[in-house]
Amino acid sequence: MPCFFTYAAFAVAADALRFAVHNHPSSYYVTYWITEAGYDFLGVLVMYEVLRSVLGNLTRAWWARLIFPAILLLGVGMSLARTDAIPSRVTGLPFYIVTGEIAVRFVQVFIFAGLVTMVPLLGLRWRQYSFGVATGFGVYATIMLLTTTKFSDFGTRFKLLWGWTSIVAYSVAVLIWIWFFSVPEKISTSSRELSAPSPGVLKQYKDALRRMR
């Protein structure tokens, strides 16, 4: 999962860079919002990777290729609708970044909820890397969706609680990812790799077909 690996590496680098400039308010302000935009962009790529991994060969169908764009448009639409209903107190470029972040959170929650529904219906194995990534993001996005909307509503007055909540939520997501990736994923053997039946087994099949005639 290269997109998820890139996201994890970016998260380490972004937080290290924020810590390096935290004593310089202007530099920290620019660094913070640039890295937040990076989180939004990579978050979308990771969820596309998760959905593509789960759907597998189904993505070759034309209608399956429309699933992720539809979810993305739905997330953007809900974010814009909410912004129109409740004007944000964050202005300038941060306003667009926060609006995009809310849209990404909607996408992550939708995909996580969809995967939870698909597991019992299709009989899929839950212990898969893609499901682990979706679960971590689903838990994190659900919590952050609530806190980010509050941050958008109340502005800097909500910043301290928003910061602590994001740390705890992301730590929980990391623990979920560690748990899922701690065990090697079982690779299903494709039909092309299955061995051909032995001559004895073929003879038994032929005898059974003769008796059925």
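Relevant structure appears above.
Predicted, not measured: the structure shown is a model, and the values here were computed from it.

Looking now at helix H2 (residues 25-55). Between its terminal C-alpha atoms H2 stretches 45 Å, which fits the 45 Å expected from 31 residues at 1.5 Å a residue. Looking one or two places after H2, you find Gly 56, whose phi comes out positive at around 60 degrees.

Quick look at the packing of helix H1 (residues 2-20) against H2 now. The interhelical angle for the contact between H1 and H2, taken along N-to-C directions, is 170 degrees, at an axis separation of 9 Å. Classified by the angle between their axes, H1 and H2 sit roughly antiparallel to one another. Between H1 and H2, the contacting residues are Pro 2, Cys 3, Phe 4, Thr 6, Tyr 7, Phe 10, Ala 11, Ala 14, Asp 15, Leu 17 and Arg 18 on the first element and Tyr 28, Thr 31, Tyr 32, Thr 35, Glu 36, Gly 38, Tyr 39, Leu 42, Gly 43, Leu 45, Val 46 and Glu 49 on the second.

Turning our attention to the side chain of Thr 99. Within the secondary structure, Thr 99 sits in helix H4 (residues 93-122). In this structure Thr 99 comes out as buried when scored by relative accessible area, which is 10%.

A separate point is the packing of aromatic side chains. Centre distance and the angle of the planes are the two values used to describe a pair of aromatic rings. This structure, assessed with the given rule, holds 16 aromatic pairs. Between Phe 4 and Phe 181 the ring centres are 5.6 Å apart and the planes differ by 5 degrees, which places this aromatic pair in the stacked class. With Phe 4 in helix H1 and Phe 181 in helix H6 (residues 159-181), the pair connects residues that are 177 residues apart, well separated along the chain. For Phe 181, a relative accessible area of 32% puts it in the partly exposed group. Between Tyr 140 and Tyr 170 the ring centres are 5.5 Å apart and the planes differ by 75 degrees, which places this aromatic pair in the edge-to-face class. You can see Tyr 140 sitting in helix H5 (residues 129-154) and its partner Tyr 170 sitting in helix H6, a full 30 residues away along the chain.

Here we come to the environment of Ala 14. Along the chain, Ala 14 falls in helix H1. Using a relative accessible area of 3% as the deciding quantity, one classes Ala 14 as buried. It is 9.3 Å that separates the C-alpha atoms of Ala 14 and Ile 34, two residues lying 20 residues apart in sequence. Sequence-distant contacts of Ala 14, defined by excluding residues within four places in its chain, comprise Thr 35 and Tyr 39.

One side chain can pair with another of opposite charge once the charged atoms of both are near each other. Considering all chains together, one arrives at two salt bridges under this definition. Salt-bridge contacts for Glu 36 lead to Arg 18; the nearest nitrogen and oxygen are separated by 2.8 Å. Here Glu 36 is found in helix H2, whereas its partner Arg 18 is found in helix H1, with 18 residues between them in sequence. Looking at Glu 36, the relative accessible area reads 7%, which means it is buried. For Arg 105, the salt bridge goes to Glu 101, with nearest N and O atoms at 3.3 Å. Of this pair, Arg 105 and Glu 101 both sit in helix H4, separated by four residues, roughly a single helical turn.

This brings us to the nonpolar core. Counting 30 residues, the largest nonpolar core has Tyr 7, Ile 111, Phe 137 and Trp 177 as the members making the most contacts within it. Looking at this core, the elements that each hand over two or more residues are H1, H2, helix H3 (67-85), H4, H5 and H6. In terms of residues, this core owes the most to one element, H2, which gives nine residues. If we skip the residues at most four places from it in the chain, Ile 111 touches Met 47, Leu 51, Phe 68 and Ile 71. Within the second largest apolar cluster, seven residues are counted, among which are Trp 33, Val 98, Ile 102 and Leu 145.

The rules we used
Residues numbered from 1 in each chain as written. Predicted model: local features only at pLDDT ≥ 70, side-chain atom pairs only at ≥ 80, totals over all residues. Heavy atoms only, no water. Helix = DSSP H or I, 4+ residues; strand = E, 2+ residues; numbered from the N terminus. Expected span 1.5 Å × (residues − 1). Axes fitted to C-alpha atoms, helices over the stretch in contact; angles between N-to-C directions. Parallel < 35°, antiparallel > 145°, perpendicular 65-115°, else oblique. Contact = heavy atoms within 4.5 Å. Buried < 20%, exposed > 50% of the residue type's maximum accessible area, 1.4 Å probe, protein only. Phe/Tyr/Trp six-rings, centres within 6.5 Å; stacked < 30°, edge-to-face > 60°. Salt bridge = Lys/Arg side-chain N within 4 Å of Asp/Glu carboxyl O. Core = buried A, V, L, I, M, F, W, Y, C linked by side-chain atoms within 4.5 Å.

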